[in-house]
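Descriptive structure summary
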Amino acid sequence: MSLAPVTIAGTGSYLPEKVLTNADLETIVDTTDEWITSRTGIKARRIAAEGQSTSDLATEAAKKALAQANIAAEDLDLIIVATITPDTLTPATACYVQDNLEARKAVAFDISAACSGFLYAMEMARNLIGAGSFQNALIIGAEKLSAFTNWEDRNTCVLFGDGAGAAVLRKSEEGEGRILAMEIGTDGAQTGILNIPGGGSACPITIDNANDKLASLSMLGKEVFRHAVTRMKTAATKVVEEAGLESKDIAQVIPHQANLRIIDAIADRLTIDNDKVFVNLHKYGNTSAAAVAIALDEAAREGKFKRGENIVCVVFGAGLTWAAAAIEW
Ligand code: ACO
């Protein structure tokens, strides 16, 4: 079945006010600004306020995307929130967002694909809109990772931050941009190298294990790094080819914001100059599903690419999952 083309009509992002710098972390765990900067490129991250949940961050980002798209919340018929830090295990965080926005007509649900979630949501929304099932979709990547971080573990607590990014998708009209090609993938054999082991049905939190901090992110960093470079390179190459593009046709690459060394390796393997690769992880750290969504919004608002130019988004996360999108803006 051929699908109607789908465009990104507006983007938005929201970062909580509180800034946690590397210097602040030096007072919490045995680390240094030098180690964090040289190994990751991260200088600071944002932390949600007491009482501020993932749906609150998501709602703020969504309002900005809706305003830019000039679409009223009541005209939305689909809301997908990508998150691994939901407000509650059930109902879905998207349901709280639907209520906050008073988007009464919208079907709302979450997807869990870690850092790849926003592009997974994009692929779902574009297929559902392209097939004619829905008209106006709001996709959001939102995380309050600070609530699932072991603040005594220097291997992980320096990496993550909170935030949200959103986009409104609808059918592309004549003369508008469109999503050209998408690729999403999963390798379930690697669930053990990056996960939140506790708090689910496999390992409920009990009085006996409450102090073990099992409901926090755990990662074999080197393994994840290796897979990230390979999978992101392959996914990005595929969508570029499928879209009929070459490296020279790409105005900007917007990669997952986990580690500057991963980003540099991807740019190198795609033979893209570093000035065409968007980076904001020094300000926000890794915000998982929110990262590429926030980066897309910031890059667009900073004028890194114009209408008619091509961009490539590429991500990687727990699952393992990966995804890429080639988009004519
Ligand atoms: N400060 C100081 N020293 C530290 C810190 C810290 N914060 N953290 C670890 N170290 C130490 C380690 O203990 C180790 O010491 P040792 O040699 O005495 O044992 C040493 O530094 C080296 O540690 P490595 O793990 O070898 O460091 P590496 O260079 O691999 O960097 C990192 C670690 C930054 C985590 C990197 O592997 C990475 O970025 N991996 C990929 C992460 C990623 O992409 N995640 C994406 C998905 S996230 C998601 O889906 C939610």
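Residues numbered from 1 in each chain as written. Predicted model: local features only at pLDDT ≥ 70, side-chain atom pairs only at ≥ 80, totals over all residues. Heavy atoms only, no water.

1. Thoughts on the packing of aromatic side chains
Tallied over the entire structure, the rule returns one aromatic pair. Taking 5.0 Å as the distance between ring centres and 75° as the angle between the ring planes, the aromatic pair formed by Phe305 and Trp329 counts as edge-to-face. With Phe305 in the loop between helix H10 (291–301) and strand S12 (310–317) and Trp329 in the segment after strand S13 (321–328), the pair connects residues that are 24 residues apart, well separated along the chain. The pair Phe305 / Trp329 is uniform in exposure class, with both members buried. (Phe/Tyr/Trp six-rings, centres within 6.5 Å; stacked < 30°, edge-to-face > 60°. Helix = DSSP H or I, 4+ residues; strand = E, 2+ residues; numbered from the N terminus. Buried < 20%, exposed > 50% of the residue type's maximum accessible area, 1.4 Å probe, protein only.)

2. Re the packing of helix H3 (residues 54–69) against helix H4 (residues 93–101)
Two numbers describe how H3 lies on H4: the axes approach to 9 Å, and their chain directions differ by 50°. Viewed along their axes, H3 and H4 adopt a mutual orientation that is oblique. Pair H3 / H4 crosses with right-handed handedness. Residues Thr54, Ser55, Asp56, Ala58, Thr59, Ala62, Lys63 and Leu66 of H3 touch H4, and the partners they reach there are Thr93, Tyr96, Val97, Asn100 and Leu101. A breakdown of the residues in the contact of H3 with H4 according to their chemical character gives six nonpolar, five polar and two charged. (Axes fitted to C-alpha atoms, helices over the stretch in contact; angles between N-to-C directions. Parallel < 35°, antiparallel > 145°, perpendicular 65-115°, else oblique. Left-handed = near helix turned anticlockwise from the far one by under 90°. Contact = heavy atoms within 4.5 Å. Nonpolar A, V, L, I, M, F, W, Y, C, P; charged D, E, K, R; others polar.)

3. Focus: the site of the ligand
Neighbouring residues of the ligand: 25 residues in total, closest Thr31, Arg39, Cys115, Lys222 and Asn259. In the model, an oxygen atom of the ligand is placed 3.2 Å from a nitrogen or oxygen of the Trp35 side chain. Within the side chain of Lys222, one N or O atom sits 2.5 Å away from an oxygen atom of the ligand. Protein chains shield 77% of the accessible area of the ligand, which is 1,000 Å² for the free molecule. Judged by the proximity of its atoms to the pocket grid, the ligand belongs to the largest pocket. Among the secondary structure elements, those contributing two or more residues to the shell around the ligand are helix H2 (33–40), helix H6 (154–157), helix H7 (221–242) and helix H8 (260–269). Among the elements that make up the shell around the ligand, the one with the highest residue count is H7 (four residues). Its residues assigned to classes, the shell around the ligand comprises twelve nonpolar, eight polar and five charged. A domain split of the shell around the ligand shows at least three residues from each of domain 1 (6–175) and domain 2 (179–328). (Near = heavy atom within 4 Å. Polar contact = N/O pair within 3.5 Å; in protein donor to acceptor, adjacent residues only side chain to side chain. Areas by Shrake-Rupley, 256 points an atom, 1.4 Å probe, with all protein chains shown as cover. 1 Å grid on protein atoms, 1.4 Å probe; cavity = no way out; pocket = protein on both sides within 12 Å on 5 of 7 lines; lining within 4 Å. Sits in = over half its atoms within 2 Å of the grid points. Domains from an automatic or database assignment.)

4. As for the sheet that holds S12
By definition, the strands of a sheet pair up through backbone hydrogen bonds, in either a parallel or an antiparallel sense. Taken in spatial order, the four strands make up an open sheet running S8-S13-S12-S11, and their pairing is mixed. Single-partner strands in this sheet number two, and they are strand S8 (178–186) and strand S11 (250–255). Between one strand axis and the next, the sheet turns through 10° on average, direction left out of account. Bridge count between S8 and S13: eight bridges; the pairing is antiparallel. (Pairing = 2+ DSSP bridges.)

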